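Each chain, written out:
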Amino acid sequence: MKLKKIEDGVYEVNIIDATDEELHEINNTMGLALSVEEMKKIRDFFREMGRNPTDLEIHAIAQGWSEHCSYKSSKPVLRKYIFGIPSEHTMIVMQDDAGVVEFDDEYAYVFKIESHNHPSAVEPYGGAATGVGGIIRDVLNMGAKPIALVDPLFFGPPDYSGKLNKGVKHPLFLINGVISGIRDYGNRVGIPTVAGITYFHEDYINNVLVNAGCLGIVKKDKIVRSAVYSTGIKLVMVGGRTGRDGIHGVNFASKILDEKSEEERQAVQLGNPILKEPLIHLVLEANERGIIHGMKDLGGGGLGSVVGEMCHAGGVGANVYLDKVLLKEGDMAPWEIWVSESQERMLLAIEDKNLQTLEKLCEKWDIEMSVIGETIEQKNLRIFWHGNKILDMPLEFITAGVEYERDYTVRRVQEMQEIPPEPNYRSVFLKLLSSYNIASKEWVIRQYDHEVQGRTVIKPMHGIVGYESHGDAAVLKPLHDSWKGIAITTVSNPHISKLNPYLGALYTVDEAVRNLVAVGAMPSSMSDGLNFGNPERPEIMGEFVETCRGLGDAARALGIPYVSGNVSFYNEAFGKNIPPTPVLMAVGIIDDIRNAITSDFKKEGNYIYTIGKTTGEMGGSEYYSMLNASSTIVPRVNVERTKLLSKQLLSAISKGLVESCHDISHGGLGVTIAEMSIGGNLGAEIDLKNMEHFRSDIKLFSESPTRWVCEVQPENAEKFESHVEGKHIGVVDGERLKVRDGERWLFNVDVATMRKIWRGSLEKYLR
Amino acid sequence: MLKATITVKLKEGIDDPEGKSIRRSLELLGFDGIAEVKVVKQYVIYVNCNPEEGKNMAEEMVKKLFVNPVIHSYDIRVEEI
Amino acid sequence: MLKATITVKLKEGIDDPEGKSIRRSLELLGFDGIAEVKVVKQYVIYVNCNPEEGKNMAEEMVKKLFVNPVIHSYDIRVEEI
Amino acid sequence: MRVAILQMEGTNCEEESYIAFKETGANPEYLHINNLTEGMLESYDMIFIPGGFSAGDYIRAGAVFAARLKAKVWKDIVDFVESGKPVMGVCNGFQVLIELGLLPGTDGISEVPQAALMTNNSNRFECRWVHLKKTKDTMFSRDAPNKIMLPVAHAEGKFFATQDIIKKIEDNGQVVFRYISPDATEPEYPWNPNGSINDIAAIVNSYGNVFGIMPHPERAYFPFHHPDWTRNPRDKGDGYYIFKSLFNQINEAKSR
Ligand SMILES: Nc1ncnc2c1ncn2[C@@H]1O[C@H](COP(=O)(O)OP(=O)(O)O)[C@@H](O)[C@H]1O
Ligand SMILES: [Mg+2]
């Protein structure tokens, strides 16, 4: 690699004369993570300019073109399926860092989900914490007050005893690290963590997935865009200082994990919630005063992507004086400053006349700020260092990036389903209750403050205090003087997506709807977190395409738009890829939170109904995986049914006809009823006779979609039945759960025993 | 009885928010001239075994529970008591 | 430059839940024969002043911030570096 | 009734607390420690220290907040307490009052802490609801029913002191609320969520005007704050009565 020193820390890189091999060498030495084709494109560009670039210029381009910043592999697919689902209420969709949707006349809600997988695999505590920190900034930079967090997590089994690849940490270490990272960050900044997923499977031993979502609320007239629309506006950095930590995070996220990843220490940070907490106050106060022209957080790609994207979006250029950036360590090179992803930083666009107000606020909250540049007419980015211009390029070239139509293949599966011998119902049922993906997640949930801010009116755990069981969605009351509520849930079904990505995606959207409807909320919008393996492998790209097609089909038919999202590729390690893991953060609206309902049984004598049709597609079910029985036939969602039944059920709930409701998911009807019993500390007598004709184990443990269990008072039964197509299957009764199919008794278990087994399974693993 | 002391700290170059925050607090309390604050944790484990086993055991513990080699450096001291 | 190391631990006889919880985790990981686990914290402060001042400063810090005498015992070590 | 809600980086329950005071009829104001100067506190009728993680709780919950208050306005705080005006700390605020030596205050204000709120026995942050029994009528509890429910959300809430101090606290009748089990028997975990000695959840100083409570009354102000509101309808959240007691008391004192 041929370099010419221009001054301390700045070099000219000879790229215009470079051979293809030399391009390869430049790419590796500089850690750019670009392809040879992309390197050639850069060479061509500078050949046309008739000069060589500085190292800073090359780093800036690499940053802008990384998968993480440019979505180069996913954009064409997302555009085809995910973007542009029409909805009346959306305000900002897939443009800025988070989606914005109308809440009421005066307010909008803002949310997004994002992944922080690679950093969490290398350093679980810091990776998870900074994941939370980053997603909070995405919501904050729209001008919104963050009011809720969610954390879908995917680990290897906690009791894994097999071999681990070099550098891979034991699931238990990762589990405790990740959960404490989220806990310590979320609790300290004072934003409640109200929902999440804790999923265990051997598929995630080499690649943990740590997704985090945040939701905020903002007055419509205070929404801030991630753009600067005029010239002469000052660019101001506030919050943390810039350091060598987090250099090359985005390139790192677009790389395959290997043994050496442990050494990529620079991509590791711990996060500083006690800087973030006052930063949130500062930004919201400045916004309240109306002095923020535009704003964006410094996340993946650092200052480089932020300045570029903000100016490009608003159609202006910028002069940036890199020596004005406040540093953690004095001897950083300009390119390091430009790409550093140090945490807790925001870039604000402020008019001159408002700088003083901002200074005052910074003083009050004890936060550092520095004016680092201003916007200019010419649509170029220019960077100065000690008075010398060391970068000058059209913004278009840096930020527009590249796109690929990657090759893909769609796997065809032979449909087959084994019929295992009929089980001992009691023991199978209890074993299911203790299986890791069904057992109580209370030990995670209670380590998170899910009530701070006083808005959480339906908590993640439902039921009599001290006896609670799982709910389907949390409900927040965002405004003090309005009864209107927001329901939040997160869903993912990799066990189904792995067998059939398209149907898995339909199922996942269906489950999001089920969960929201179960608390009485009308589904409003979703954020999609797409976690996949290496997109350069056609079969993985095929999984991605099929998943997006499914997510798109379902959401379009239901009229629920995706307003934000995130793609995490390259979840591959040691030749193993994760199964397709689309995660949805879904938001519903409930007009009056006083009509919300919970999942716990309320009163003896009440009737129990199932809503929806049970089918015998057992592929991906917890029951089959427990028995080690094979099936490739996964549940098939009929979206029209989803639409119809959720409408019926919502109308019954809003009329106060339903005492409790829980959707049927992992573990099937048996587990759903068990959870309702556990939370209400009440048994039930169930007869499966009236259900569809299947063997009893299918009736009990099938995970077919679009189903709920409802508890209804006898005096409301007739009215309820006039609203909803439901089947009466039993009554709430006594202290035991008694299940039969016609004349034949299947099992009879005491509620306390169920609770003990369900709670006991994960507790010992979580510190 | 053996006493194994495992000392764990952040590696050079890893930004330490806890240390920084404590430093800031000390400054606000009027302490001047502080160049840096670092926080170190020690796990003191009393265990019934011989020194040789103890040393190995502590190494194992470090690997499995106490240390992430990406960010931490550590030190083990074993003594008979 | 001075390096002041302030070591803070729970007094004898005071329950250490963190130590207990670590012990449980270690047992879960298959480590046997553990009699007790204790957790000790050290604050290492680098400060520009002479040893005499440094010692006083550290004492002050302990009093103002690092220690609650009801539950903690402490120890200060100052060295020039 | 002017209430100063103290803030610093990491306090994060101030908004709920503000709403609770406001709804009760008081005039709350945020007062950031960076803007706090000598002589400022005097004009308020009450000081409130909200929950959260002041300075990250990095050294010990509440330690930094207390040290900074002591450095900045210690004399004002002492005068405030001695004038008989109420001071209340919730969760992190309770920890601050302990670290300041204002609580337990068995013999007035103490130079060094007399007690500690230490790491929960479970060694976990615990966000859960607990049952409390009122054991003393004070200006902070007078209008509360004998049994209430409030949420806790802390990792360091185990009330601890030497036996002498505990004995004094008990002899002086300074315990205001104790954790109890749902059937009103002695609570085991999780009903005593942290292992507090004598199940102490809230205490008052010997003068009766400084109050610290680990559970959060401001998060139980409205009926729908309660986790079981879909099954147990209420007029008010249980935390309401604490704010109400204060408000009535101060207004009565003023009109006298
Ligand atoms: N990591 C987590 N963080 C917060 N809440 C969680 C987490 N894992 C699970 N939960 C909560 O536990 C409950 C049950 O989760 P799950 O079994 O995935 O729900 P579902 O019944 O919808 O399948 C939900 O309320 C969920 O939000
Ligand atoms: Mg559900």
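Summary of the structure given here. (Residues numbered from 1 in each chain as written. Chains lettered and ligands numbered in written order. Predicted model: local features only at pLDDT ≥ 70, side-chain atom pairs only at ≥ 80, totals over all residues. Heavy atoms only, no water.)

**Observations concerning the pairing of strand 1 (residues 2–7) of chain D**
Residues and elements named next belong to chain D. Among the six residues that make up strand 1, five are buried, leaving the element largely enclosed by the rest of the structure. Here strand 1 pairs with strand 2 (residues 27–32) via six bridges, running parallel. Note that in strand 2 the partner of Gln 7 across the bridge is His 32. Between the parallel pair strand 1 and strand 2, the chain is carried across by helix 1 (residues 14–24), and the sense of this crossover is right-handed. As paired elements, strand 1 and strand 3 (residues 46–49) share three bridges and run parallel to each other. Within the sheet, the bridge partner assigned to Val 3 lies in strand 3 and is Met 46. (Buried < 20%, exposed > 50% of the residue type's maximum accessible area, 1.4 Å probe, protein only. Helix = DSSP H or I, 4+ residues; strand = E, 2+ residues; numbered from the N terminus. Pairing = 2+ DSSP bridges. Right-handed = clockwise from strand over helix to strand, strands pointing away.)

**Points about the coordination of the magnesium ion (ligand 2)**
All names here are of chain A. Coordination sphere of the magnesium ion (ligand 2), protein contribution only: Asp 472 (OD), Asn 515 (OD1) and Asp 663 (OD), at 2.2 to 2.3 Å. Within one chain, the residues serving as donors to the magnesium ion (ligand 2) are arranged as D-x42-N-x147-D. Residue Asp 472 is located in the loop between strand 18 (469–470) and strand 19 (474–476), and its partner Asn 515 is located in helix 18 (residues 501–518); the two are separated by 43 residues in the primary sequence. Both residues of the pair, Asp 472 and Asn 515, count as buried. (Donors = N, O, S within 2.8 Å, 3.2 Å for Na, K, Ca; no water.)

**Thoughts on the packing of helix 8 (residues 171–189) of chain A against helix 10 (residues 273–288) of chain A**
Residue and element names in this part refer to chain A. Relative to each other, helix 8 and helix 10 sit at 30°, their axes nearing to 8 Å. Crossing geometry of helix 8 relative to helix 10 is assigned as right-handed. Residues Asp 184, Tyr 185, Arg 188 and Val 189 of helix 8 form the contact with helix 10, whose own contacting residues are Pro 273, Ile 274, Lys 276 and Glu 277. Considering only residue class, the contact of helix 8 with helix 10 consists of four nonpolar, no polar and four charged. (Axes fitted to C-alpha atoms, helices over the stretch in contact; angles between N-to-C directions. Left-handed = near helix turned anticlockwise from the far one by under 90°. Contact = heavy atoms within 4.5 Å. Nonpolar A, V, L, I, M, F, W, Y, C, P; charged D, E, K, R; others polar.)

**Notes on the site of ligand 1**
Residue and element names in this part refer to chain A. If you check the shell around ligand 1, you find 18 residues, and the closest are Asp 151, Ala 195, Gly 196, Thr 198 and Asn 515. Between Ile 197 and ligand 1, the recorded distance is 3.5 Å, taken from a backbone N or O atom to a nitrogen atom. Between an oxygen atom of ligand 1 and a side-chain N or O atom of Asn 515, the distance comes to 3.1 Å. Protein coverage of the free-state accessible area of ligand 1, which is 560 Å², stands at 93%. Of all the secondary structure elements, the ones that give two or more residues to the shell around ligand 1 are strand 6 (145–155), strand 7 (193–200), helix 16 (442–445) and helix 18. Tallied by class, the residues present in the shell around ligand 1 amount to seven nonpolar, seven polar and four charged. (Near = heavy atom within 4 Å. Polar contact = N/O pair within 3.5 Å; in protein donor to acceptor, adjacent residues only side chain to side chain. Areas by Shrake-Rupley, 256 points an atom, 1.4 Å probe, with all protein chains shown as cover.)

**Comments concerning unusual backbone geometry**
That bond from Leu 103 of chain D to Pro 104 of chain D is cis: its omega, -5°, falls within 30 degrees of zero. Despite not being glycine, Asp 366 of chain A shows a phi value in the positive range, around 55°. By the element assignment, Asp 366 of chain A lies in the loop between helix 13 (355–365) and strand 13 (369–376). Exposure remark for Asp 366 of chain A: the relative accessible area of 29% places this residue in the partly exposed category. Positive phi, close to 65°, is recorded for Tyr 570 of chain A, a residue that is not glycine. The exposure class assigned to Tyr 570 of chain A is buried, which follows from its relative accessible area of 6%.

**Overview of the interface of chain B and chain A**
Taken residue by residue, the interface counts 17 residues in chain B and 16 residues in chain A. Summed over both partners, the interface of chain B with chain A buries about 1300 Å², with 59% contributed by carbon and sulfur atoms. For the chain B face of the interface with chain A, the top three residues by lost area are Pro 17, Asn 68 and Val 70 of chain B, together amounting to 37%. Linking chain B to chain A there are two salt bridges. Lys 328 of chain A serves as the salt-bridge partner of Asp 15 of chain B, at 2.7 Å between the closest nitrogen and oxygen. Inspection of the region where chain B meets chain A yields four residue pairs in polar contact (both at pLDDT 80 or more). Counting residues per element, the ones that place at least two in the side of chain B that touches chain A are helix 1 (17–28) and helix 2 (51–66) of chain B. Sorting elements by how many residues they give to the side of chain B that touches chain A places helix 1 of chain B first, with five residues. Among the residues forming the side of chain B that touches chain A, the class breakdown is nine nonpolar, two polar and six charged. (Buried area = accessible area lost by both parts, 1.4 Å probe. Salt bridge = Lys/Arg side-chain N within 4 Å of Asp/Glu carboxyl O.)

**Some thoughts on the sheet that holds strand 6 of chain A**
Residues and elements named next belong to chain A. Spatially, 3-4-5-8-6-7 is the arrangement adopted by the six strands of the open sheet, whose pairing is mixed. Two strands lie at the open edges of the sheet, namely strand 3 (90–92) and strand 7, each paired on one side alone. Between one strand axis and the next, the sheet turns through 20° on average, direction left out of account. Bridge analysis of strand 5 (residues 107–115) against strand 8 (residues 209–219) gives nine bridges, and the strand direction is antiparallel. Following the sheet pairing, Tyr 109 is matched in strand 8 by Ile 217. On top of the sheet, helix 8 reaches strand 6, strand 7 and strand 8; it is set at about 180° to strand 6, its chief contact.

All quantities given are derived from atomic positions and should not be read as evidence of function.
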